[in-house]
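Results of the structural survey
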Amino acid sequence: MSVKSIIGLVVAAVVAVLLYGSLFLVYPYEQAVVTQFGRIERAVREPGLYFKTPFIQSVEYLDKRARYLEQSEREVIDSGKKRLLIDSFARYRISDPIIFKRQAKFLSNFESQLNGFMEASLRDVVAEFTFKDIVRDKRDELVELIRQSVNEKTERLGVELVDYRIRRADLPKENSEAVYRQMQTERQQEANGIRADGEKLSQQIRSIADRNATVIIANANRDSEIQRGIGDAQRNAIFAAAYGKNPDFFEFYRSMKAYENSLTNGDTRLVLSPEGEFFSYFNDAGKVPMGDVQKAEKAVDAAPAPVIPAQAAPASAGATAPEAPAAN
């Protein structure tokens, strides 16, 4: 190999090294900061191929995408002086790489500062809200206030806080148990109140029903007594009309009923004089002629029907004819 060839190869190698040291590539998800002896010269935010002074200037790449930072669980106090455990996270993006390199220098340093900013803003904002607002009613308003508060602090470091969210907000275990017991007591009191109202209404309905039942029964008893009195009056009228036609037959009938009622049982014994009034119809003198009996029966059949009062109910189809009153 000749000297010229060697020199050409050396020159080509030097040119290649100079080109390699003077060119740098920026990808779409990156941004770069060019420094010279530790001093920031410029920032490159658009993707492409760029030049720098070889061996003098250096390039540091920073991520252009939003980064995720999780904050560990923190204990804070709300406006009602209740202790809360809040677990949150944030997403941030480097908006100005030059300011970021001058102020924060490294991501690890910045994330440590961001964690402190988030905790301070969280305590300040949560202290103005109640537990109910944090958990349900004003959750979105709360996280937006925290994001704005943290963003004001990170803008001085060349960083924009893209989003801030509360993953979980809850009471400590001992406080939760006390709240659950209080809620259980309140629900129990409410249930007892509902039961008391229901029992009161039940008693009112039951008393009205009992009163109506008493009135109905009383009216039914009254009507039944009226009907029974009307029936007795009709019965007595029929017997009076019949017995008035033949008093002898009436006396005979009463004596027969007396014999029937007094001699019902087979072991009945009567110690009476056969000549007494009770056994008068067992003697020939007290017998009623059969003709008189037939006349009495015809008199009963021919007796006029008694007048039934207007309020009397019609007799039922299965009713039987009344019997004559028993002899004393």
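Scroll up to find the structure.
Read on for a plain summary of the structure. (Residues numbered from 1 in each chain as written. Predicted model: local features only at pLDDT ≥ 70, side-chain atom pairs only at ≥ 80, totals over all residues. Heavy atoms only, no water.)

On to the overall build of the protein chain. Within the protein chain, the secondary structure is distributed over eight helices and eight strands. Counting the 328 residues in the protein chain, one finds 25% classified as buried. Surface accessibility of the protein chain: about 22,200 Å² in total, with carbon and sulfur atoms responsible for 56%. (Helix = DSSP H or I, 4+ residues; strand = E, 2+ residues; numbered from the N terminus. Buried < 20%, exposed > 50% of the residue type's maximum accessible area, 1.4 Å probe, protein only. Areas by Shrake-Rupley, 256 points an atom, 1.4 Å probe, with all protein chains shown as cover.)

Before going further, it helps to spend a moment on helix H7 (residues 247-262). Taking 1.5 Å per residue, 16 residues should reach 22 Å; H7 reaches 23 Å between its end C-alpha atoms and fits that length. When we look at burial in H7, the residues that qualify are Phe249, Ser255, Lys257, Ala258 and Tyr259. (Expected span 1.5 Å × (residues − 1).)

Our focus in this paragraph is the sheet that holds strand S6 (residues 67-77). Read across the open sheet, the three strands follow the order S6-S7-S8; overall the sheet is antiparallel. Of all strands in the sheet, those with a lone pairing partner are S6 and strand S8 (159-170), marking the two edges. Averaged over neighbouring strand pairs, the angle between their axes works out to 25° when direction is ignored. Across nine bridges, the pairing between S6 and strand S7 (residues 83-94) is antiparallel. Among the inter-strand pairings, Arg67 is bridged to a residue of S7, identified as Tyr92. Contacting S6, S7 and S8, helix H3 (residues 107-126) runs over the sheet at an angle of about 35° to S6. (Pairing = 2+ DSSP bridges. Axes fitted to C-alpha atoms, helices over the stretch in contact; angles between N-to-C directions. Contact = heavy atoms within 4.5 Å.)

Another point: the pairing of S7. Taking burial as the measure, the twelve residues of S7 include nine buried ones, the bulk of the element. Connecting S6 to the next strand, S7, in antiparallel fashion are five residues, including Lys81 with a positive phi near 65°. With ten bridges connecting them, S7 and S8 associate as antiparallel partners. Paired with Ile86 across the strands is Ala169, a residue of S8.

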